[in-house]
Amino acid sequence: MSKGPRAETFIFLDLEATGLPSVDPEIAEICLFAVHRSSLENPEYDESGAPMLPRVLDKLTLCMSPERPFTAKASEITGLSSEGLARCRKAGFDNAVVQVLEAFLSRQEGPLCLVAHNGFDYDFPLLCTELRRLGAHLPRDTICLDTLPVLRGLDRAHSHGTRAQVGKGYSLGSLFRRYFQAEPSAAHSAEGDVHTLLMVFLHRAPELLAWADGQALSWAHVKPMYVPSDGPSLEA
DNA sequence: TGCCAGGCCCTCTTTAGGGCCTT
């Protein structure tokens, strides 16, 4: 059941924000790694047999000052704070961010596939909220892949009823530790988590690419996490 | 300087409850 076009570039995405969906969070850091399909289909491996990061890789990381405060937990785990961002004179998620984002994406061969871990419940709706607030849009043929339900589903299918994999942790860190017997680096920095996400993807690339080709959902299906009640919503 | 959303999954299930996963 194909729901979208075949993606030529995969955009690995992670957001750090002021909290979980319950607090109507705002984005404080965004990171995207753009990887062409060819690099995912033909990964290189190091001497230990682990996949190597593609040599041809576009990266974008931006920090921004949210208007609302961080929850204590969000600030603790991300290392970001309103004070720290303000001290560095970071503007918010504004039209300049949108322009940089659009420029970054426009130089990737489309169609694009956004990839995030728990993306449908967090990163995609939150990004959708921020883009809509500014009247911005992603390319219409953009599709989305959420590695959390897809990897769970693939393992469940492979277990043939043994449930060998099902029930184990599927957090991004758990997957990385399971696949590579190593600790992920820089957890809860946006770039660190995107790096971890890409490595996890590379470990299962043939299956995930096939899944993306057949079952990825359109970005048009993503609903905003919430509708902002304030902010520069009318300036776009 | 906001403790709390919600869809999915598992099981001691299905007349339900609890944990995961994202910050």
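Report follows, based on the coordinates. Bear in mind that the values here come from a model prediction, so they are computed numbers and not experimental data.

1. Quick notes on helix α4 (residues 95-106)
In this model, α4 (twelve residues) spans 16 Å end to end at C-alpha, consistent with the 16 Å of a helix rising 1.5 Å per residue. Among the residues making up α4, those that are buried are V97, V98, L101, F104 and L105. Buried residues along α4 cover an arc of 130° about the axis, so they all sit on one side. For α4, exposure combined with an orientation more than 90 degrees from the buried face picks out Q99 and S106.

2. Here we look at the sheet that holds strand β6 (residues 217-218)
Spatially, β3-β2-β1-β4-β5-β6 is the arrangement adopted by the six strands of the open sheet, whose pairing is mixed. Each edge of the open sheet carries a strand with a single partner, namely β3 (58-63) and β6. The sheet contacts of helix α5 (residues 123-133) involve β1 (9-17), β2 (27-36), β4 (112-116) and β5 (143-146), and relative to β1 the element is tilted by about 80°. Packing of helix α8 (residues 190-203) onto the sheet brings it into contact with β1, β2, β3, β4 and β5, and relative to β1 it is tilted by some 140°.

3. Considering the nonpolar core
One finds F10, F12, L40, L145 and F201 to be the most contacted residues of the largest nonpolar core, which totals 37 residues. Those elements that place two or more of their residues in this core are β1, β2, β4, β5, α6 (147-159), α7 (172-180), α8 and α9 (205-215). The contacts of F10, once residues within four sequence positions are left out, are F33, A34, V35, R37, L40, C113, V115, F201, L209 and A212. The next biggest cluster of nonpolar side chains, apart from the first, holds 33 residues, and it includes L60, Y122, L138 and M225.

4. Description of the packing of aromatic side chains
One pass over the structure, following the stated rule, counts six aromatic pairs. An angle of 50° between the planes, with centres 5.9 Å apart, marks the rings of F10 and F201 as tilted. With F10 in strand β1 and F201 in helix α8, this pair connects stretches of sequence that are 191 residues apart. For the pair F10 and F201, one class covers both residues: buried. Relative to F180, the ring of Y179 has its centre 6.4 Å away and its plane inclined at 85°; by these criteria the two rings are edge-to-face. Through pairs of rings, three or more aromatic residues link up here, namely F10, F12 and F201. Here the basic side chain of R178 rests over the ring of Y170, its NZ or CZ set 5.0 Å away from the ring centre.

The rules behind these values
Residues numbered from 1 in each chain as written. Chains lettered and ligands numbered in written order. Predicted model: local features only at pLDDT ≥ 70, side-chain atom pairs only at ≥ 80, totals over all residues. Heavy atoms only, no water. Helix = DSSP H or I, 4+ residues; strand = E, 2+ residues; numbered from the N terminus. Expected span 1.5 Å × (residues − 1). Buried < 20%, exposed > 50% of the residue type's maximum accessible area, 1.4 Å probe, protein only. Arc of directions from axis to C-beta. Pairing = 2+ DSSP bridges. Contact = heavy atoms within 4.5 Å. Axes fitted to C-alpha atoms, helices over the stretch in contact; angles between N-to-C directions. Core = buried A, V, L, I, M, F, W, Y, C linked by side-chain atoms within 4.5 Å. Phe/Tyr/Trp six-rings, centres within 6.5 Å; stacked < 30°, edge-to-face > 60°. Lys NZ or Arg CZ within 6 Å of the ring centre and 35° of its normal.

Function-wise, these values are silent; they only describe arrangement.
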